[in-house]
Amino acid sequence: MRIGLMVGSDRERERRDRLAGLIADGMAAETAGFSSFWFPQVPGYLDAMTAIALIGASTSSIELGTAVVPVQTRHPLILAQQALTTNAACGGRFTLGLGVSHDWIINGQLGIGYERPVHELRDHLDVLTAAFAGPGQVDIENTGFRVHSPVDVSDTSPPILLAALGPAMLRIAGERADGTILWMADERAIGDYVAPRVSAAADAAGRKAPRVAAGVPVAVCSPAETDTAREYASEVLGHAHFSPNYVRLLEHGDAEDVGDTMAAGDESTVLARLRSYRDAGVTDLAARVIPLGDDDAARRASRQHTQEFLASLGSSL
């Protein structure tokens, strides 16, 4: 299992410092020896692919990925152009994480229909796959798009991981993408539900074994702080009840919210939990460090302690 970092919107930094701080975080992750660095498309925050392109220009070896970009917010050919450009800026180290997001974001915040998200994803993949096949003409007509346009950006294209929570999405992730990137999935959900389905779909399609990347909150702390850490993670990163897609995924495991998926406690406890994710079939860990403390200084120290422990494990586990 490769060990990487996942970061999110950083409200503790001043707005003027957020982009520069994110680039510095990516550079520090590479220096520390992490295998990958993941950044989500958060509503109203920094654009994920723009930020990843800038990090790519400032690093040389670390994999950089989005986790994830909603397909509904970009025409697939424009998405392909941006992804190919981002991959070029990253020297071929970019991984495009895609998803269909949630109704409360796509419909509630953006006013875009959310009636057939899986069907819409398939239509997007038709165009993306053609555009990623290499420079040349893209001619795709399906129920969502009529595309007849040249693409001449790069000779190499990024792999695609899908945020696959349900059976149809897992099948597509195995058949048409390079695997899945998960959030709010515990070991039982991954081992009994996600990994078998995405692997079977990839095998049936004659594709190589898929990646199973899992976003997992992590906090190295005293045993007395473990419950507080889990509650904080659920409060800041959870609220699964807002998103039926996550609720259905949780039903396949033992977790009730994101805090239950967390690796929290002393070093031995955290290591044991991470190994259990590896044994469930996770190929890539995207550790979301949860800083604890009552003030900025305490949270910085907590974040540094957890990241140093994760880095001490090497780039793989």
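Quick note: structure is the one above.
Keep in mind that what you see is a predicted model, and the values were worked out from it rather than measured. Sequence order sets the numbering: in each chain, residues are counted from 1 along the sequence as written. Only residues with pLDDT of 70 or above have their local features reported here, since the model is predicted, and side-chain atom pairs are shown and tallied only from 80 upward, although totals for entire chains, interfaces and linings are computed over all residues. In computing side-chain values, all of the structure's heavy atoms are included and hydrogens and water are not.

A.B. asks: Looking at this model, I keep getting lost on helix 8 (residues 226-237). Mind explaining?
C.D. replies: In an α-helix, one turn spans 3.6 residues; hence positions three or four apart end up facing the same way. Secondary structure counts use DSSP, requiring at least four H or I residues in a row for a helix and at least two E residues in a row for a strand, with both numbered from the N terminus. What a helix should span is 1.5 Å times the count of its residues minus one. Compared with an ideal rise of 1.5 Å per residue, which puts 12 residues at 16 Å, helix 8 spans 16 Å between its outermost C-alpha atoms and is within 8% of the ideal. Inspection of helix 8 places Thr226, Ala229, Ala233, Ser234 and Leu237 among the buried residues, and these make up the whole buried set. Taken around the axis of helix 8, the buried residues stretch over an arc of 130 degrees, which confines them to a single face. In helix 8, those exposed residues whose orientation departs by more than 90 degrees from the buried face are Asp227, Glu231 and Glu235. Residue contacts are defined here by distance: any two heavy atoms, one from each residue, within 4.5 Å place the two residues in contact. Lining the buried residues of helix 8 we find strand 9 (179-183), strand 10 (211-220), strand 11 (263-265) and strand 12 (284-289). Buried residues are those whose accessible area, probed at 1.4 Å on protein chains only, stays under 20% of the maximum for their type, while exposed residues exceed 50% and partly exposed ones sit between those limits. It is the directions from the helix axis to the C-beta atoms whose arc is reported.

A.B. asks: What is the right way to look at the nonpolar core in this model?
C.D. replies: General note: in soluble globular proteins, nonpolar side chains tend to be found buried as a group. In terms of nonpolar packing, the biggest core is built from 104 residues, with Phe37, Leu98, Ile160, Leu162, Ile190, Leu274 and Leu310 touching the most fellow members. Setting aside residues no more than four positions away along its own chain, Ile160 makes contact with Leu96, Leu98, Leu125, Leu128, Phe132, Ala177, Asp178 and Gly179. Residues belong to a common nonpolar core when they are buried Ala, Val, Leu, Ile, Met, Phe, Trp, Tyr or Cys residues joined through side-chain atoms within 4.5 Å.

A.B. asks: Can you walk me through the side chain of Asn142 in this structure?
C.D. replies: For Asn142, the position within the fold is in the loop between strand 6 (136-141) and strand 7 (146-151). Side-chain polar atoms of Asn142 contact the backbone oxygen of Asp123, separated by 3.2 Å. Contacts described as polar in this section are N or O atom pairs within 3.5 Å, which, within protein, must combine one atom able to donate a hydrogen with one able to accept it, while residues neighboring in sequence count only if both atoms come from side chains. There is a polar contact of 3.0 Å between the side chain of Asn142 and the backbone nitrogen of Gly144. What Asn142 contacts, discounting residues up to four positions off in sequence, is Asp123 and Asp126.

A.B. asks: How do you make sense of the packing of aromatic side chains when you look at a structure like this?
C.D. replies: Whether two aromatic rings pair depends on their centres lying within 6.5 Å, for rings of Phe, Tyr and Trp, where Trp uses its six-membered ring; planes under 30 degrees apart make the pair stacked, over 60 edge-to-face, and the rest tilted. Summed over the entire model, instances satisfying the criterion amount to 1 aromatic pair. Between Phe39 and Tyr45, the ring centres sit 6.4 Å apart and the planes meet at 55 degrees, which makes this aromatic pair tilted.

A.B. asks: Help me out: how do you make sense of the packing of helix 1 (residues 15-32) against helix 2 (residues 48-57) in this one?
C.D. replies: To describe two helices that pack against each other, one gives the angle between their axes and the distance between the axes. Remark: helix 1 packs on helix 2, axes separated minimally by 9 Å, with the N-to-C direction vectors making an angle of 50 degrees. With respect to each other, helix 1 and helix 2 are oriented oblique. Crossing of helix 1 over helix 2 shows right-handed handedness. Residue-level inspection shows Leu19, Leu22, Ile23 and Gly26 of helix 1 in contact with helix 2, the latter providing Ala51, Leu54 and Ile55. Note on method: axes are straight lines fitted to C-alpha atoms, helices fitted across the in-contact stretch only, with angles between N-to-C directions ranging 0 to 180 degrees. Here the word oblique covers every angle except those under 35 degrees (roughly parallel), over 145 (roughly antiparallel) and from 65 to 115 (roughly perpendicular). Crossings are assigned a handedness: left-handed for a near helix turned anticlockwise from the far helix by less than a right angle, right-handed for a clockwise turn.

A.B. asks: What exactly am I supposed to notice about empty space enclosed by the protein here?
C.D. replies: Here the idea is plain: a probe the size of a water molecule rolls over the atoms and shows the empty space left. Only protein atoms enter the 1 Å grid, on which a cavity is a set of points fitting a 1.4 Å probe that cannot get out and a pocket is an open set with protein on both sides within 12 Å along at least 5 of 7 lines, lining residues being those with an atom within 4 Å of a point. Grid points are joined across faces, edges and corners, and a volume is the space filled by probe spheres set on the points. Tallied over the entire structure, the rule returns 1 cavity of 30 Å³ or more. Considered as a void within the structure, the largest cavity measures approximately 30 Å³ in volume. As a working rule, the residues Ala, Val, Leu, Ile, Met, Phe, Trp, Tyr, Cys and Pro are called nonpolar, Asp, Glu, Lys and Arg charged, and the rest polar, with Gly in that last group. Of the residues contributing to the lining of the largest cavity, the split by class is 6 nonpolar, 4 polar and 1 charged.

A.B. asks: Help me understand the pattern of salt bridges in this model?
C.D. replies: Salt bridges are counted wherever a side-chain nitrogen of Lys or Arg sits within 4 Å of a carboxyl oxygen of Asp or Glu. In the structure shown here, the tally under the stated rule is 14 salt bridges. In this structure, Asp279 engages Arg278 in a salt bridge whose closest nitrogen and oxygen atoms are separated by 3.1 Å. Its relative accessible area of 30% is what places Arg278 among the partly exposed residues. Salt bridges sharing common partners tie together Arg2, Glu63, Arg211 and Asp284.

A.B. asks: Looking at this model, I keep getting lost on the pairing of strand 2 (residues 36-39). Mind explaining?
C.D. replies: For a regular strand, the rule is simple: side chains alternate between the two faces of the sheet. Both faces of strand 2 are covered, namely the face carrying Ser36 and Trp38 and the face carrying Phe37 and Phe39. When DSSP locates at least two bridges between a pair of strands, those strands are taken to pair. Strand direction decides the pairing type here: strand 1 (residues 2-6) and strand 2, joined by 2 bridges, are parallel. Across the sheet, the residue bridging to Met6 is Trp38, located in strand 2. Throughout, right-handed denotes a crossover for which the path from the first strand over the helix to the second runs clockwise when the strands point away from the viewer. A crossover connection joins strand 1 to the parallel strand 2 through helix 1; in handedness this β-α-β unit is right-handed. With helix 2 bridging strand 2 and its parallel neighbour strand 3 (residues 63-66), the resulting β-α-β unit is right-handed.

All quantities given are derived from atomic positions and should not be read as evidence of function.
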